Amino acid sequence: MTGEPLTDPIFKTGDQVRIHDSNPPGHRRTPDYIKGKIGVIERYCGAFVNPEESAYGFDGLPKKHLYRVRFDQTHIWDKYDGNASDTLDLEMYEHWLRPINAAAPEPRKAIVQ
Amino acid sequence: MSDKQVELNEHGHELLAWSDDSRHDVDEADHYVLMADAIRDLLIEKGVIKAGDVREQLEFMDSRSEDMGARIVARAWANPDFKERLLANGTEAIKEFDIPMLDAELVVVENTNEFHNMVVCTLCSCYPRTILGMPPDWYKSKTYRSRSVNEPRAVLKEFGTDLADDVAVRVHDSNADMRYLVLPLRPEGTDGWSEPELAKLVSRDSMIGVSPATEPATEPET
């Protein structure tokens, strides 16, 4: 048990994703302002301990894939007062990301050795 | 000597003594200080950590300052190869400075004539502490954390940074495992400057992205 993710990363740089709009209780690293918004994967960051588990004394394993996602500011905020090319990047764990146009989360593909 | 009553907690530890009027002045900060001290005492009592571990960590964090970041930026300005490696993988590139990133990864974002980067942590106060030292109070304030994501240009203006309309602002919300360092634009008139000379122009705030690097005096200081 190395704690590495059980599956390969689902998304790649340039993919459009929607942030899952959900308010589960507990420690989450997904700010409210970005829930339900659509962005583009800027880069894959690697796999990291899941803070939603480690915050409560669990080991947070297996690790979760983490991405940087880029959003247009004019998309996030209704009354954004700035340049149309202004952007905001933040880091999202894979389980908060949904493929664009998908009504439901896609089933995870297991790695076939 | 003193007839002061010493209060003990249930573990027989002396309660913290503050100033004489401390009982009238207990605010939220005091509450969290007390909680943190209690957790530390319990961890020590249960053998999870030693008192020396806490002291060593404090000493290490206090030894960090923005001078580390300034050296990194200066090398990136002076050395294109290093800059390329730094932008591609910050964590790997700064190993040559012997600066640890601890559990986080470093992402370096470059200011250009087209893009201006600024860093915030809306959820708490994530900050590249091993590179920049402890964050300034304003970085941790709810005002900066909320406003810099939805009106970054207004915030920048209040810091004295008035961007041209054709420069795009890239805000980076440092909300998970990455830590961010802004590589500011190299000031004009610094051709041929050495890394130590360049480092003097690199302010903390320019590496958070709320201000440009310092403009040089007409002659480099030696």
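Everything discussed here concerns the structure shown above.
Cut-offs used in this document
Residues numbered from 1 in each chain as written. Chains lettered and ligands numbered in written order. Predicted model: local features only at pLDDT ≥ 70, side-chain atom pairs only at ≥ 80, totals over all residues. Heavy atoms only, no water. Helix = DSSP H or I, 4+ residues; strand = E, 2+ residues; numbered from the N terminus. Buried < 20%, exposed > 50% of the residue type's maximum accessible area, 1.4 Å probe, protein only. Contact = heavy atoms within 4.5 Å. Areas by Shrake-Rupley, 256 points an atom, 1.4 Å probe, with all protein chains shown as cover. Expected span 1.5 Å × (residues − 1). Polar contact = N/O pair within 3.5 Å; in protein donor to acceptor, adjacent residues only side chain to side chain. Phe/Tyr/Trp six-rings, centres within 6.5 Å; stacked < 30°, edge-to-face > 60°. Lys NZ or Arg CZ within 6 Å of the ring centre and 35° of its normal. Buried area = accessible area lost by both parts, 1.4 Å probe. Salt bridge = Lys/Arg side-chain N within 4 Å of Asp/Glu carboxyl O.

How should the overall build of chain A be read in this particular structure?
Assigned secondary structure in chain A consists of 2 helices and 5 strands. Relative to its 113 residues, chain A shows a buried fraction of 43%. Put simply, of all contacts in chain A between residues at least 6 apart along the chain, 63% involve residues at least 24 apart. Carbon and sulfur atoms make up 51% of the accessible area of chain A, which totals about 6,300 Å².

Looking at this model, I keep getting lost on the overall build of chain B. Mind explaining?
Helix and strand counts for chain B stand at 11 helices and 4 strands. Taken over 222 residues, chain B has a buried fraction of 40%. Within chain B, contacts between residues separated by at least 24 positions form 64% of all contacts whose residues are at least 6 apart in sequence. A total accessible area of about 12,900 Å² is found for chain B, and carbon and sulfur atoms account for 49% of it.

So what exactly am I meant to see when it comes to helix α3 (residues 66–78) of chain B here?
One turn of an α-helix holds 3.6 residues; hence residues three or four places apart share an orientation. Residues and elements named next belong to chain B. Its 13 residues place the ends of α3 18 Å apart at the C-alpha level, agreeing with the 18 Å of an ideal helix rising 1.5 Å per residue. Of all the residues in α3, the buried ones are M68, G69, A70, I72, V73, A74, A76 and W77. Contacts from the buried residues of α3 go to α4 (80–88), α6 (129–132), β4 (178–183), α10 (195–199) and α11 (204–208).

What exactly am I supposed to notice about the side chain of S148 of chain B here?
Residues and elements named next belong to chain B. Mapping S148 onto the fold places it in helix α8 (residues 142–150). On the accessibility criterion, S148 (0% relative accessible area) is buried. A distance of 2.6 Å separates the side chain of S148 from the backbone oxygen of Y144, its partner in a polar contact. Setting aside residues up to four positions removed in sequence, S148 forms contacts with M118, V120, T143, V155 and V171.

For this particular structure, what's the right way to read the packing of aromatic side chains?
A ring pair, where both rings are aromatic, is described by two values, the distance of the centres and the angle of the planes. Residue and element names in this part refer to chain B. For the coordinates displayed, the defined rule picks out 10 aromatic pairs over all chains. Note on Y139 and Y144: the rings are 5.8 Å apart at their centroids and 35° apart in plane angle, and the pair reads as tilted. Across the pair, exposure class does not vary: Y139 and Y144 are buried alike. By way of ring pairs, the aromatic residues Y127, W138, Y139, Y144 and F159 are connected into one cluster. Above the plane of the ring of F82 lies R75, whose end atom (NZ or CZ) is 6.0 Å from the centre. Lying over the aromatic face of F115, R170 brings its terminal NZ or CZ to 3.6 Å of the ring centre.

What is the right way to look at the interface of chain A and chain B in this model?
Many analyses report the size of an interface as the accessible area lost when the parts associate. The interface is formed by 25 residues belonging to chain A together with 25 residues belonging to chain B. Of the roughly 2,000 Å² buried at the junction of chain A and chain B (both faces included), carbon and sulfur atoms supply 46%. On the chain A side of the contact with chain B, R29, F48 and E91 of chain A bury the most area, a combined 28% of that side's loss. The residue R153 of chain B makes a salt bridge to D86 of chain A at a minimum N-O spacing of 2.9 Å. Here chain A is connected to chain B by 19 residue pairs in polar contact (both at pLDDT 80 or more). When contributions to the side of chain A that touches chain B are tallied by element, the ones reaching two or more residues are β2 (38–48), β3 (64–72) and β4 (87–93) of chain A. Ranked by the residues each element gives to the side of chain A that touches chain B, the list is headed by β4 of chain A, at 6 residues.

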